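# What the coordinates show
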Amino acid sequence: MGAEGSGKEEMLELATEAFRARDFQLAADIYECQLRAIRAGQEDERDELRLKRAHCLALGGRLAESLEEYKLLSQQGILRPQHLEVLVERLAEAMRSSQGWTDGEQSATRLLSCLKCTGTLYEPVTLQCGHTYCRNCLEREREGTRAPSTHCKLCKDKLHASGTYRINVVLNSFLNKYFPAETRALTLRNEGNVLYKNKKPQAALEKYREANALAPKDHLLLSNRAQINASLRHFEDALHDGNAACNLQPTWSKEKIDTTDIGVRKEWKAHACGNLTNTVQMMSDNKDALKNSSTPLTLTSLEQKNTQKRKYDHINDDKAEIIEGNSTCFRRARAQSPSREHDTQSDLVDPLDLECSLCMRLLYEPITTPCGHTFCLKCIERCMDHSPKCPLCKEVLPEYQTLRKYSRTSLIEELIAHYLPEELAERKRVNDDEMAELSNLNKAVPIFICTMAYPNVPCPLHIFEPCYRLMIRRCMEFGNKQFGMCMSDPIKGFADYGCMLEVRSVELFSDGRSVVDTIGRRRFKVLHQSERDGYSTADIEYLEDEKMEGESYTELLRLHDAVYDQAYKWFSSLKQGLKTRILSHFGPMPRKDTDIQASPDGPGWCWWLLAVLPLENRAQLPFLAMTSLQDRLNGIRRVLLFMSRNCPR
């Protein structure tokens, strides 16, 4: 039973991840499989899964199938008006397409819309979760809550209420340059709001008229202008603006029924609840027509009547709330990036406007700091290796250096993918080439110049220099998690022989330092030394012990056993305190290998012994370079003989 429940939870978690990745087809299929497994007595769970599947089908464009699910829920009396939010959203998109929106207008509306107010972004602010809102939207929400923090509407990440929201410099410049009319309209709207709050409605109305001339399809402008007209008792103009705003954004929750009219309220309640089943049934009966329908939606007579009694509570920039579905995982997501085929801006965008100020290339995996500046992910990480300050404005960003948690700015990624697809493809190619070069374990291998390292022997490291922070991070990013360790050399820079280390874990500290747990792997010989980004690199070739056969192998095996016994006896004779320190750092002495030639580096106990013997690094280096196990065993035997005769234990 426990295993069954665990598998079920894993499948539901997979469905949630698929939904977040906008793979609605996969999510719907998973929910369908789970529905088939529902047993008698699990009606509540079945209904929740059916509702989730209906949402996924609607979001995936499979309206006919989604209507069947909504119909079943409605017939059982559990469907509520708010459950139809996702379906209405998809139908509203078809309506907007049929009412004169060009592809270019839809591109700008979808890509550059605020996730809270659904209007065009004004003074955009990118949060640490990577999602972008109007600054006024965030400030108004913060002022309207008593909680110490609010949440991102899209990903539900917690947003701390303290501090100042800083404008995203790149996005703000992009809007001002390529959408000057919309930006000017938003400025006029804000000026009109100030005038209205100062009880100058006529002057505010004039500002809104100017703004509407620049952005005639902005539902926020029309909504606020309707409120001004209503306050001036221009009721026909107010009704006209209200209807226009509803047509442009039919699911926008700022438009509300006038609940002061008791008759309208009762009629609406009866219509919404009592006739909900009939509405879904009617839509289901016409599902075939919905498959390819782009016919404008029309209001019912009751809705038309209610529209005439709408009122607009108050003017603001972004008080609209995004209605959420029954389940937290079904949050409204930004529409997928639309086609750029008819977007008039597609061929006008200059790649320099979306360029990283550090590497001077097109932004790749863009990260926006709390101070509003945007850089490539790898660029800002390198800066954090040196200092916890923004490289442009020098504002301290301690949370970045401490947590090292970066969320990519999704809107900038969408803009680049939409307007600069060819440049993005080239930028990705260059990045992939660089990663392939950095992940090569023969050419330009990163070298940590410090001490001796041996195959299969632990080697913990304390990393604090910026160049080595970068080196370790790259090793972790590229998947191989390996780098070379060499001794320093006063003439050459580092020794001609070394050992590859594999990173097992990294512990980061708040000041940028880290402790890296590594273990030795293959030995190598340096062929050519070089440098990259402040740390040393080398072209290398790996070493391998020569294989012995026949009588030579039999003699080698006898030598091996004799030296092993000699080494074990020496270690056993050490004082307990010294033995304890060795065991805590290097672990116990390895046992004999079944096949002493199985590893290209020879038996592991030899390297463990060389690591614990009190020899200078210069005396240990020749052992690392040997490719003859016989020579290495003879050398170890001589050292042990010397230690047993001359060194106190």
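Residues numbered from 1 in each chain as written. Predicted model: local features only at pLDDT ≥ 70, side-chain atom pairs only at ≥ 80, totals over all residues. Heavy atoms only, no water.

## Concerning the overall build of the protein
When helices and strands are counted, the protein shows 26 helices and 12 strands. The burial tally for the protein puts 45% of its 649 residues in the buried class. A separation of at least 24 residues holds for 65% of the contacts in the protein among residues at least 6 apart in sequence. For the protein, the exposed area adds up to about 32,100 Å²; of that, 51% sits on carbon and sulfur atoms. (Helix = DSSP H or I, 4+ residues; strand = E, 2+ residues; numbered from the N terminus. Buried < 20%, exposed > 50% of the residue type's maximum accessible area, 1.4 Å probe, protein only. Contact = heavy atoms within 4.5 Å. Areas by Shrake-Rupley, 256 points an atom, 1.4 Å probe, with all protein chains shown as cover.)

## Considering the pairing of strand S11 (residues 514-532)
Pairing of strand S8 (residues 461-463) with S11, which is carried by 3 bridges, proceeds in the antiparallel orientation. Considered in S11, the bridge of Leu461 is made with Val516. Linkage of strand S10 (residues 493-508) to S11, two consecutive antiparallel strands, is achieved through a turn of 5 residues, within which Gly512 is found at a positive phi near 100 degrees. Judged from the 8 bridges that link them, S11 and strand S12 (residues 535-542) form a sheet pairing that is antiparallel. For Glu531, the partnering residue across the bridge sits in S12 and is Ser536. As consecutive antiparallel partners, S11 and S12 are separated by 2 residues, and within that stretch Asp533 has a phi angle of approximately 50 degrees, a positive value. (Pairing = 2+ DSSP bridges.)

## Description of empty space enclosed by the protein
Across all of its chains, the model carries 2 cavities of 30 Å³ or more by this definition. Taken as a whole, the largest cavity encloses approximately 80 Å³ of empty space. Residue lining of the largest cavity: 13 residues in total, with Leu438, Pro446, Arg474, Cys475 and Phe478 positioned closest to the centre. Those elements that place two or more of their residues in the lining of the largest cavity are helix H21 (466-477) and S12. (1 Å grid on protein atoms, 1.4 Å probe; cavity = no way out; pocket = protein on both sides within 12 Å on 5 of 7 lines; lining within 4 Å. Points joined across faces, edges and corners; volume = space filled by probe spheres on them.)

## Regarding the pairing of strand S7 (residues 445-450)
Consecutive side chains along a regular strand alternate between the two faces of the sheet. Taken together, the 3 bridges between S7 and S12 define a ladder with antiparallel strand orientation. Bridged to Val445 within S12 is Ala538. Strand direction decides the pairing type here: S7 and strand S9 (residues 482-489), joined by 4 bridges, are parallel. For Phe448, the partnering residue across the bridge sits in S9 and is Met485.

## Quick word on the environment of Thr126
You can see Thr126 is positioned in strand S1 (residues 124-126). The sequence separation of Thr126 and Leu171 amounts to 45 residues, and the corresponding C-alpha distance is 9.2 Å. Discounting chain neighbours no more than four positions away, the residues touching Thr126 are His131, Thr132, Asn168, Leu171, Thr368 and Thr409. In terms of polar contacts, Thr126 uses its side chain to reach the side chain of Thr132, at 2.9 Å. (Polar contact = N/O pair within 3.5 Å; in protein donor to acceptor, adjacent residues only side chain to side chain.)

## Comments concerning the packing of helix H3 (residues 43-59) against helix H4 (residues 63-75)
It is at 8 Å that the axes of H3 and H4 come closest, and there the two elements cross at 155 degrees. Comparing their axes, H4 and H3 come out roughly antiparallel. Of the two possible hands of crossing, H3 and H4 adopt the one that is left-handed. Residue-level contacts link Asp47, Arg50, Leu51, Arg53, Ala54, His55, Leu57 and Ala58 of H3 to Leu63, Glu65, Ser66, Glu69, Tyr70, Leu72 and Leu73 of H4. Among the residues making up the contact of H3 with H4, the classes are represented as 8 nonpolar, 2 polar and 5 charged. (Axes fitted to C-alpha atoms, helices over the stretch in contact; angles between N-to-C directions. Parallel < 35°, antiparallel > 145°, perpendicular 65-115°, else oblique. Left-handed = near helix turned anticlockwise from the far one by under 90°. Nonpolar A, V, L, I, M, F, W, Y, C, P; charged D, E, K, R; others polar.)

## Concerning the state of the cysteines
Counted according to the given criterion, the structure contains 0 disulfides. No disulfide involves Cys379; its nearest neighbouring cysteine sulfur is the one of Cys359, lying 3.8 Å away. Of all cysteine sulfurs in the structure, the one in Cys450 sits closest to Cys459, which takes part in no disulfide; the separation is 7.1 Å. Among the residues examined, Cys459 registers a relative accessible area of 9% and is labelled buried. (Disulfide = S-S within 2.5 Å.)

## Quick notes on unusual backbone geometry
Of note, the phi angle at Glu123 is positive, near 50 degrees, even though the residue is not glycine. Secondary-structure assignment places Glu123 in the loop between helix H6 (103-111) and S1.

## Thoughts on the environment of Asn243
Examined against the element boundaries, Asn243 turns out to sit in helix H12 (residues 235-248). Taking the relative accessible area as the measure of exposure, Asn243 reaches 28% and is therefore partly exposed. Placed 20 residues apart in sequence, Asn243 and Ser223 show a C-alpha to C-alpha distance of 9.0 Å.

## Things to note about the pattern of salt bridges
Taken as a whole and assessed by the stated rule, the structure comprises 33 salt bridges. Across the salt bridge formed by Arg209 and Glu206, the nearest N and O atoms sit 3.9 Å from each other. Placement of both Arg209 and Glu206 in helix H10 (residues 201-214) is noted, with a separation of 3 residues, approximately one turn of the helix. Here Arg209 falls in the partly exposed class, since its relative accessible area comes to 39%. Between Asp601 and Arg523 there is a salt bridge, and its shortest N-O distance comes to 2.8 Å. (Salt bridge = Lys/Arg side-chain N within 4 Å of Asp/Glu carboxyl O.)

## Regarding the packing of aromatic side chains
Evaluation of the coordinates by the stated rule reveals 9 aromatic pairs. Between Phe174 and Phe179, the ring centres sit 6.4 Å apart and the planes meet at 45 degrees, which makes this aromatic pair tilted. Assessed through its relative accessible area of 1%, Phe174 is described here as buried. When the centroid spacing of 4.2 Å and the interplanar angle of 25 degrees are considered together, the rings of Phe448 and Tyr468 count as stacked. (Phe/Tyr/Trp six-rings, centres within 6.5 Å; stacked < 30°, edge-to-face > 60°.)

## Considering a nonpolar patch on the surface
Taken together, the side chains of Met476, Val506 and Leu508 define a hydrophobic patch exposed on the protein surface, amounting to about 220 Å² of accessible area. As for its position among the elements, Val506 is in strand S10. (Patch = residues over 30% accessible without salt bridge, like charges linked within 9 Å, V, L, I, M, F, W, Y side chains within 5 Å.)

## Considering helix H2 (residues 24-36)
Here H2 spans 19 Å end to end across 13 residues, near enough to the 18 Å set by a 1.5 Å rise per residue. Looking only at H2, the buried set comprises Phe24, Ala27, Ala28, Ile30, Tyr31, Gln34 and Leu35. Taken around the axis of H2, the buried residues stretch over an arc of 160 degrees, which confines them to a single face. (Expected span 1.5 Å × (residues − 1). Arc of directions from axis to C-beta.)

## What about the confidence of the model for the protein?
Looking at the protein, pLDDT values average 79 and 77% of them are 70 or higher. With pLDDT under 50 throughout, residues 98-103 is counted as low confidence; its partners more than four residues away or in other chains account for 13 contacts. Scored below 50 in pLDDT, residues 287-342 makes 139 contacts in the model with residues more than four places away or belonging to other chains. (pLDDT = per-residue confidence, 0-100.)

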